[in-house]
Amino acid sequence: IDRALETAEMLRELHPEWSFSHEVLIEVYGVRGQYEEGLRVLAEFREDFGLSTTRYNALLGWVCARTGAAANARKALKQLTVSVEEEDDGPWLAWAKARINMALGEDQAALPWLEKSGSWILGGPFKGIAHDPLWDPLRSNPRFQQLLEGMKLPEDSIRSLIPG
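Starting afresh in each chain, residues are numbered from 1 along the sequence in its written order. With the structure being a predicted model, the display of local features is reserved for residues of pLDDT at least 70 and the display and counting of side-chain atom pairs for 80 or more, all residues being used for whole-chain, interface and lining totals. Excluding hydrogens and water, the side-chain figures rest on all heavy atoms present in the structure.

### Considerations on the overall build of the protein chain
Step number 1: Strands here mean DSSP runs of E at least two residues long; helices mean DSSP runs of H or I at least four residues long; both are numbered from the N terminus. In terms of regular secondary structure, the protein chain is built from ten helices and zero strands.
Step number 2: Its helices and strands in sequence order give the protein chain the pattern α-α-α-α-α-α-α-α-α-α, from N to C terminus.
Step number 3: For the protein chain, the proportion of its 164 residues judged to be buried stands at 44%.
Step number 4: Only heavy atoms enter the contact rule, under which two residues are in contact if any of them lie within 4.5 Å. Contacts in the protein chain between residues at least 24 apart in sequence constitute 52% of all its contacts with a sequence separation of at least 6. Type-normalised accessible area, obtained with a 1.4 Å probe on protein chains alone, sets the label of each residue: buried when under 20%, exposed when over 50%, and partly exposed for intermediate values.

The structure is reproduced here in structure tokens:
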């Protein structure tokens, strides 16, 4: 994880104009449990890129949940009141809500949001849920297994990810 931090910092230093470089650094700080650092980068990201309130709250909720600030995470999650069906970024928003729930240890609350994010996780860049340990509590859940199968990963890859 130290190497991930070095790489994320280097990426942001080399390409400060890429919003992705800031998001990666926020993600790494969240995984490392570094609340203050994650919030600092998130504030810079919001100021430099004019981050929408929805996207800001999604990232804030995740960082707070990953770093143990559960009350703040739940507050940010509550702010994500935009209807998934009405929002252009609806599938992404549903995925973001699922991720915050998972980081809070609320895996059963996460699953419906993960299902609503279908087009995002099934066709988007986040096929990493198949390998991300954040989702491990759901691996034995048949609904999660169906989501993985819908991702059309290689057959032996799916088998290795589903217990039993």
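That covers the picture; the talk isn't over yet.
### With respect to the nonpolar core
Step number 1: By nonpolar core we mean a set of buried residues, namely Ala, Val, Leu, Ile, Met, Phe, Trp, Tyr and Cys, connected to one another through side-chain atoms within 4.5 Å. Membership of the largest hydrophobic core comes to 44 residues, with the highest contact counts inside it found for Leu42, Trp95, Leu114, Ile129, Trp135, Leu138 and Phe144.
Step number 2: Mapped onto this core, the elements with two or more residues apiece are helix H1 (2–14), helix H2 (19–32), helix H3 (35–49), helix H4 (53–66), helix H5 (70–79), helix H6 (90–103), helix H7 (107–116) and helix H9 (142–150).
Step number 3: Apart from the residues lying within four places of it in its own chain, the contact partners of leucine 138 are Met102, Asp107, Gln108, Leu111, Leu114 and Phe144.

### Considerations on the side chain of arginine 99
Step number 1: Checked against the element boundaries, arginine 99 lands in helix H6.
Step number 2: What makes arginine 99 buried here is its relative accessible area of 7%.
Step number 3: Polar contacts, as counted here, are pairs of nitrogen or oxygen atoms within 3.5 Å of one another; within protein the pair requires one atom able to donate a hydrogen and one able to accept it, and residues that are adjacent in sequence qualify only if both atoms are side-chain atoms. Side chain to side chain, arginine 99 and glutamate 27 meet in a polar contact 2.7 Å long.
Step number 4: In contact with arginine 99, other than residues within four places in its own chain, are Glu27, Leu59, Trp62, Leu134 and Trp135.

### Focus on the pattern of salt bridges
Step number 1: A pair is scored as a salt bridge if a Lys or Arg side-chain nitrogen falls within 4 Å of a carboxyl oxygen belonging to Asp or Glu. Summed over all chains, the structure comprises nine salt bridges.
Step number 2: When the shortest N-O distance is used, the salt bridge between glutamate 44 and arginine 40 registers 3.3 Å. Taken together, the residues span about one helical turn, with glutamate 44 and arginine 40 both in helix H3 at a distance of four residues.
Step number 3: With relative accessibility at 28%, the residue glutamate 44 sits in the partly exposed group.
Step number 4: Arginine 40 sits in the partly exposed class, given a relative accessible area of 38%.
Step number 5: Within the structure, one salt-bridge network assembled from shared partners comprises Arg12, Arg40 and Glu44.

### Some thoughts on the confidence of the model for the protein chain
Step number 1: With 80% of its residues at a pLDDT of 70 or more, the protein chain shows a mean pLDDT of 80.
Step number 2: A residue's pLDDT is the predictor's confidence in that residue, given on a scale from 0 to 100. Taken element by element, the protein chain is modelled with least confidence in helix H10 (residues 155–161), mean pLDDT 47, and with most confidence in H5, mean pLDDT 92.
Step number 3: Here residues 156–164 is a poorly scored stretch, pLDDT under 50, and it has 15 contacts once near neighbours within four places are set aside; other chains count.

### Let's talk about the packing of H3 against H4
Step number 1: Between H3 and H4, the shortest axis-to-axis distance is 10 Å and the interhelical angle comes to 170°. As the angle between them shows, H3 and H4 are arranged roughly antiparallel. On H4, the residues touching Tyr35, Gly38, Leu39, Leu42, Phe45 and Arg46 of H3 are Thr53, Tyr56, Leu59, Leu60, Val63 and Cys64. To get an axis, a line is fitted to the C-alpha atoms, and for a helix only the part in contact is used. The angle between two axes follows their N-to-C directions and goes from 0 to 180 degrees. Orientation labels follow simple angle bins: below 35 degrees gives roughly parallel, above 145 gives roughly antiparallel, 65 to 115 gives roughly perpendicular, and whatever is left gives oblique.

### Remarks on the environment of lysine 75
Step number 1: Secondary-structure assignment places lysine 75 in helix H5.
Step number 2: Classification of lysine 75 by relative accessible area gives exposed; the value is 56%.
Step number 3: Residues lysine 75 and glycine 61, spaced 14 residues apart in sequence, show a C-alpha to C-alpha distance of 7.6 Å.

### Some thoughts on H4
Three- or four-residue spacings in an α-helix give side chains the same orientation, since the helix completes a turn every 3.6 residues.
Step number 1: Over its 14 residues, H4 extends 20 Å from the first C-alpha to the last, a length consistent with the 20 Å expected when each residue adds 1.5 Å.
Step number 2: Where burial is concerned, most of H4 is hidden: eleven out of the 14 residues are buried.
Step number 3: For H4, the set of buried residues is Thr54, Tyr56, Asn57, Ala58, Leu59, Leu60, Gly61, Trp62, Val63, Cys64 and Ala65.
Step number 4: Buried positions along H4 lie against H2, H3, H5 and H6.
Step number 5: Just downstream of H4, glycine 68 is the residue with a positive phi angle, here 90°. One fewer than the residue count of a helix, multiplied by 1.5 Å, yields its expected span.

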